[in-house]
Amino acid sequence: MLSRLLLSGFLILIPFSSELGNAGFVQLDGAPPSKIAVVGAGIGGSATAYFLRQHFGPEVRIDVFEKGTVGGRLATVTVNNQDYESGGSIIHSLNLHMQDFVKQLGLKYRKSVAGKMAVFNGEEIILEETDWYLLDLFRLWWRYGISFIRMQMWVEEIMEKFMRIYKYQAHGYAFSSVEELLNSLGGSGFLNMTRRSLSESLLELGVSQRFIDEVISPIMRVNYGQNISIPAFVGAVSLAGAQANLWAVEGGNKLVCSGLLKLAKANLIPAQVTAVSLQTAGESHQYRLGYSSQNEQVSEVYDIVVVATPLQQNVRSGISFQDFDPQFTEMPGSYHQTTASIVHGYLNCSYFGFPDPKLFPFSSILTTDTQGLFFNSVASVCPVNISAGFRRKPPQEAGVYKVFSPRPLEKPELKTLFRSYYSVQVTDWQAYPHYGSAQGLPPVVLHDNLYYLNGIEWAGSAMEMSSVAAKNIALLAYHRWSRQLEMIDQKDLMHKIKTEL
Ligand SMILES: Cc1cc2nc3c(=O)[nH]c(=O)nc-3n(C[C@H](O)[C@H](O)[C@H](O)COP(=O)(O)OP(=O)(O)OC[C@H]3O[C@@H](n4cnc5c(N)ncnc54)[C@H](O)[C@@H]3O)c2cc1C
Ligand SMILES: *[C@@H]1O[C@H](CO)[C@@H](O)[C@H](O)[C@H]1NC(C)=O
Ligand SMILES: *[C@@H]1O[C@H](CO)[C@@H](O)[C@H](O)[C@H]1NC(C)=O
Ligand SMILES: *[C@@H]1O[C@H](CO)[C@@H](O)[C@H](O)[C@H]1NC(C)=O
Ligand SMILES: *[C@@H]1O[C@H](CO)[C@@H](O)[C@H](O)[C@H]1NC(C)=O
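Since we're looking at a predicted model, the values are computed, not measured. (Residues numbered from 1 in each chain as written. Chains lettered and ligands numbered in written order. Predicted model: local features only at pLDDT ≥ 70, side-chain atom pairs only at ≥ 80, totals over all residues. Heavy atoms only, no water.)

Undergrad: What's the story with the sheet that holds strand β8 (residues 125-128) in this structure? I'm lost.
TA: What links the strands of a sheet is backbone hydrogen bonding, and the strands pair in either a parallel or an antiparallel sense. Strand order in the open sheet formed by 7 strands is β8-β7-β17-β18-β19-β16-β20, and the pairing between neighbours is mixed. A single partner strand is all that each edge strand has here, and the edge strands are β8 and β20 (418-433). Neighbouring strand axes in the sheet, compared pairwise and without regard to direction, differ in orientation by 20° on average. Against the sheet, helix α9 (residues 209-224) contacts β7 (116-120), β8, β16 (335-347), β17 (362-367), β18 (377-380), β19 (399-405) and β20, and its axis sits at roughly 100° relative to β17. (Pairing = 2+ DSSP bridges. Helix = DSSP H or I, 4+ residues; strand = E, 2+ residues; numbered from the N terminus. Axes fitted to C-alpha atoms, helices over the stretch in contact; angles between N-to-C directions. Contact = heavy atoms within 4.5 Å.)

Undergrad: Help me understand the site of ligand 1, please; the structure alone is not making it clear to me.
TA: Around ligand 1, a shell composed of 36 residues is seen, among which G44, E66, R73, I90 and S317 lie nearest. S89 places a main-chain nitrogen or oxygen 3.2 Å from an oxygen atom of ligand 1. For ligand 1, a nitrogen atom lies 2.9 Å from a polar atom in the backbone of V273. In isolation ligand 1 has 1,000 Å² of accessible area, and contact with the protein removes 92% of it. Elements with a minimum of two residues in the shell around ligand 1: α2 (43-56), β20 and α13 (463-481). A breakdown of the residues in the shell around ligand 1 according to their chemical character gives 16 nonpolar, 17 polar and 3 charged. (Near = heavy atom within 4 Å. Polar contact = N/O pair within 3.5 Å; in protein donor to acceptor, adjacent residues only side chain to side chain. Areas by Shrake-Rupley, 256 points an atom, 1.4 Å probe, with all protein chains shown as cover. Nonpolar A, V, L, I, M, F, W, Y, C, P; charged D, E, K, R; others polar.)

Undergrad: Before we go on, may I ask you to explain the site of ligand 5 in this structure?
TA: Every residue lining ligand 5 is accounted for by N348, Y351, K415, T416 and R419. Here an oxygen atom of ligand 5 sits 2.3 Å away from a polar atom, N or O, in the side chain of N348. The backbone of K415 places a nitrogen or oxygen atom 3.1 Å from a nitrogen atom of ligand 5. Its residues assigned to classes, the shell around ligand 5 shows 1 nonpolar, 2 polar and 2 charged.

From the geometry alone we can't say anything about function, so treat these as descriptive.
Laid out in C-alpha cells, this is it:
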C-alpha cells in the first residue's frame, strides 16, 4: 500500500519535465503504451494530453488531432486590433485546475473590470446593482426576503462537496463514469440533482418564485441560454459562476490550450478524425484512427484513444465508430445553440428606459424569461489584454458589446439594441448541452482503452468541468492500463484519504 501511495504521490508532485525517475513512471504488468491519441484540442483535450504525459511519462507519443482551431469553444474575435472572448470567458476563483494551468504556463490573470449589472424584463429594468454592497444586500432582502441567503447557502454547500474532487485526484483516484464521480462527491444527492430541475429544487428549499424568475432565471439565460427547468446540478455550477472573484486569462483563455499542448510535448495534427475502428489481435485491442491529411486519407494505430469533443449529432464531429460490438454511433440528446455577437457601436440606452446615455450606469444587462425577447444578455466587454490605465467606454461613446441570443440577430433587432454600429462579428456556437434533451449521463469508457471526455458536460458544462474530466481520464487510463483497479471507483474516499495520511 505504502509503495503505491508513494508512487502516486510521486506521479503528481514531480512535473513530467523533471529528469528524475523517468523509469519510475511506468510500473506496468505489460509493456507501456507506445502511442496515445486525443481527438480535439479544446481545454478538455489539451488538459488530457498534459495529464497523460504526467502519468505515462516522457516516452509515449501523444498525438492530438484538431480539425478547427486550438482552443475549441475558447476563442477570440478581433475588433480594432483588440481581441475579445467570444466563447467561454469566465473562470471562478475556486477552479483549481484552471488556476494551476495558468501558474504552470506562466500566464497572467485578467481580473474583471468593475461594472454594474441590471436585469431587464423587456419593458424596464427591474433590478439594479448599486455602488454600495450593503444597499444591494438590503434591497435583495427587502425584495426577496430569505430566498437570497437560502440560495447562497445551497450553492456553497454544493461547491464545498465538489471541491473534494481535487483531493481525490491528488491521491490518484479515478472514476469510470460521471455517475461514480458525482456519487463519490455528493452521494445520491448529487446524482439526483442531475435529474431534477433547478426550479423544483430551489422551491423545495423555500426560495421564492419571484426570486427564481427575477434573479435565477436571468443567470441561467446568460450562462446557459436556457430556462429554470435545467437540472439543479448545472444550475448550481451556473450560480457559482455568478459569484464574486471571477477572472480570465490575460491574452485570452485559449492560450491555456496551446500552452498545455506544448508542456505536454504533444504532437498536434491539424486534421479531422473521420473514423475510429477496432483492431483486434488475440486478446489485445488497438484503435485505428482514420483522418485526412493534405487531401489524402491516412490512418494510424493507437493503444489508447481519448475523444475530447461532443459526439451529439448536431455538433457534427464527423467521427464514425467502426467494427465495435455492440455498435455505437452518436450520443443521445443535442447541443444548445447560442449566438455570440460582438458589436462595436453605440448602445441604445433609450431601449432600456434611459434616454440620456450619460445617465446609463450599467455595464451588463441580463434578461428575464419573457416571451418575445430576442436576446439573453448584452454586456460591455473588455479586451483580453488590459493595460494598467484601462477603463470601460461610457455608453455615450462607441464601445464593444457582447450579445448572447438564441439565434443570429436580425437587422431590426440590432437597430433596436444599438443606436448605430460599426461592425458585428457573429459566432454561432453549439455551446453546451441542451439540457433536458437526453436522459442520463453519457459513458466515460467507450471500450477497453477508448475514452469519452465530454459526457461530463451533461452534469455541468464549464472549462473546469472539462479539466476535471481530463484529469480523471488520464488517471483512469493509467490505472486501467497498469491494472491498478483498486484506484478506480473506490467507495468512501473521504474516509480512505484520511486514514491514508
Ligand atoms: C458562448 C459560450 C460561453 C461560455 N461561457 C463559459 C464561461 O464563462 N465559463 C466556463 O467555464 N465555460 C463557459 N463555456 C463553456 C466552455 O467553453 C466549454 O465547456 C469548454 O470550452 C469545452 O471544452 P472542450 O475541450 O471539452 O470542448 P471543445 O472546446 O468543444 O473542444 C473540442 C475540439 O474538438 C475539435 N474536433 C471536433 N471533432 C473533431 C474531429 N473529428 N477531429 C479533430 N478534431 C475535432 C473541435 O474543433 C474542438 O476544437 C461557454 C461556452 C460558450 C460556447
Ligand atoms: C435520490 O433519489 C433517490 C430515488 O428517488 C432517493 O431514494 C434518495 O433518497 C435521494 N437522495 C437524496 C440525498 O435526496
Ligand atoms: C424551458 O424550456 C423548455 C424547452 O427548452 C420547455 O420545454 C420548458 O417548458 C421550459 N420551462 C419553463 C419553466 O418555462
Ligand atoms: C496579450 O497578453 C499575452 C499574454 O500575457 C501576451 O503574450 C501578448 O503579447 C499580449 N498582446 C498584446 C497585444 O499586448
Ligand atoms: C432605440 O430604442 C427606442 C425605444 O425602444 C426605439 O424607439 C428606437 O427605435 C431604438 N433605436 C434607435 C436607433 O434609436
